[in-house]
Amino acid sequence: GAGPGDPGLITVKGLALLRSADVVVYDRLIPHELLDEAHPSAELIDAGKAPGDHRLSQAEINAILVERARMGFLVVRLKGGDPFIFGRGSEEALACFAAGIAFEVIPGISSVHAVPAYAGIPLTHRNISSVFTVIAGHEDPASPGTPINYEALAQMGGTLVILMGVGHLPEIVTRLIGAGLAPDTPAACIERGTIPEQRVIEAPLVDLPACAARAALQSPAVIVIGDVVALRSIGVGWFENVRPAHIK
């Protein structure tokens, strides 16, 4: 796992393996500064996927990992965030296992909690929220057969974190409010979290889609819904205050 954007958030073990790799197969959303840490002789393979633009299919990525490993190379598959959270790390691990390739999983700091933290939004607080729920929001919630139970989410309480949901934000908010979540629930949308370009939009849930649209907010972004969002503006928000001096 390469972490959520700030190159300093890769783990010590992950960085050590990256520096010793013969081959680095990397994703689109990794901190690209990390590629400078690779050995000058390392082969760098861009396996990034953007909506409608996949440089390599998943089958091709799996084949490259297996092929390079069989050639005797130390291969690092560098994935944004954590490889097992809304990524295909487990699929790639299974491909290696099926091919008899030994592998190791190095967890990464996930945008699930790191991006809200950089926005000054704790997912839990002992007096406010003792539970948080994480969902992928890239599927249209209005589509029949959506796997997300919005009624259950609205009744769960606590904090809701939505990844990959900017494209369907109006539909998601409509479903949540229709399922019983209060329209004035504090909410935020965090674009490009943990890096200097980070932007945060705060609004009551019902107004969040319109506010995000006015700001032309784009992915990658993390949506946070719940009373903990209010903590940002009453003292927990920190990133904007230290960024000029400490974050380049």
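Below: a short report on this structure. (Residues numbered from 1 in each chain as written. Predicted model: local features only at pLDDT ≥ 70, side-chain atom pairs only at ≥ 80, totals over all residues. Heavy atoms only, no water.)

**Looking at the sheet that holds strand β7 (residues 159-163)**
Right, so step 1: One open sheet holds the five strands; their spatial order is β6-β7-β10-β8-β9, and the pairing between them is mixed. Lying at the two open borders of the sheet, with one neighbouring strand each, are β6 (132-136) and β9 (199-204). Pairs of neighbouring strands in the sheet enclose a mean axial angle of 15°, with direction left out of account.
Right, so step 2: By the bridge criterion, six bridges tie strand β8 (residues 186-191) to β9 in an arrangement that is antiparallel. Considered in β9, the bridge of Ala-187 is made with Ala-203.
Right, so step 3: Along the sheet face, helix α4 (residues 111-118) touches β6, β7, β8 and β10 (221-225) and points at about 80° away from the line of β10. (Pairing = 2+ DSSP bridges. Helix = DSSP H or I, 4+ residues; strand = E, 2+ residues; numbered from the N terminus. Axes fitted to C-alpha atoms, helices over the stretch in contact; angles between N-to-C directions. Contact = heavy atoms within 4.5 Å.)

**Digging into the side chain of Gln-58**
Right, so step 1: Locating Gln-58 in the fold gives a position in helix α2 (residues 58-70).
Right, so step 2: For Gln-58, a relative accessible area of 10% translates into the label buried.
Right, so step 3: When near neighbours in sequence (up to four residues on either side) are disregarded, Gln-58 contacts Lys-49, Arg-88, Glu-91 and Glu-92. (Buried < 20%, exposed > 50% of the residue type's maximum accessible area, 1.4 Å probe, protein only.)

**Comments concerning the sheet that holds strand β1 (residues 23-26)**
Right, so step 1: Pairing is parallel in the open sheet, where three strands are placed in the order β2-β1-β5. The outermost strands of the open sheet, each flanked by one partner alone, are β2 (43-46) and β5 (75-78). Averaged over all pairs of adjacent strands, the angle between strand axes in this sheet comes to 15°, irrespective of strand direction.
Right, so step 2: Where β1 and β5 come together, four bridges link them in parallel fashion. Pairing of Val-25 across the sheet is with Arg-77, part of β5.
Right, so step 3: On top of the sheet, α2 reaches β1, β2 and β5; it is set at about 155° to β5, its chief contact.

**Let's talk about the packing of aromatic side chains**
Right, so step 1: Counted by the stated rule, this structure contains three aromatic pairs.
Right, so step 2: Taken together, a centroid distance of 5.6 Å and an interplanar angle of 90° make the contact between Trp-238 and Phe-239 edge-to-face.
Right, so step 3: Among the residues examined, Trp-238 registers a relative accessible area of 32% and is labelled partly exposed.
Right, so step 4: Feature note: the residues Tyr-118, Trp-238 and Phe-239 constitute an aromatic cluster, connected by ring pairs. (Phe/Tyr/Trp six-rings, centres within 6.5 Å; stacked < 30°, edge-to-face > 60°.)

**Quick look at the pattern of salt bridges**
Right, so step 1: Within this structure, the stated rule accounts for 13 salt bridges.
Right, so step 2: Salt-bridge contacts for Glu-43 lead to Arg-68; the nearest nitrogen and oxygen are separated by 2.9 Å. On the criterion of sequence distance, the pair formed by Glu-43 in strand β2 and Arg-68 in helix α2 is long-range, its members being 25 residues apart.
Right, so step 3: We note a salt bridge from Lys-79 to Glu-92, for which the minimum N-O separation is 3.6 Å. One end of the pair, Lys-79, is in the loop between β5 and α3 (89-98); the other, Glu-92, is in helix α3, and 13 residues separate them in sequence. The residues Lys-79 and Glu-92 share a single accessibility class, namely buried.
Right, so step 4: Sharing partners across several salt bridges, the network here consists of Asp-27, Arg-77, Lys-79 and Glu-92. (Salt bridge = Lys/Arg side-chain N within 4 Å of Asp/Glu carboxyl O.)

**Thoughts on the nonpolar core**
Right, so step 1: Residues Leu-160, Ile-162, Leu-176, Cys-189, Leu-208, Ile-223 and Ile-225 are the most contacted members of the largest nonpolar core, which totals 25 residues.
Right, so step 2: Within the residue set of this core, elements represented by two or more residues are α5 (150-156), β7, α6 (169-178), β8, β9, α7 (208-214) and β10.
Right, so step 3: The element contributing the most residues to this core is α6, with four residues.
Right, so step 4: Residues within four places of Cys-189 in sequence aside, it is in contact with Val-166, Arg-199, Val-200, Ile-201, Leu-208, Leu-217, Ala-221, Val-222 and Ile-223.
Right, so step 5: Core analysis: the second largest hydrophobic core is formed by 15 residues, Leu-123, Val-224, Val-228 and Leu-231 among them. (Core = buried A, V, L, I, M, F, W, Y, C linked by side-chain atoms within 4.5 Å.)

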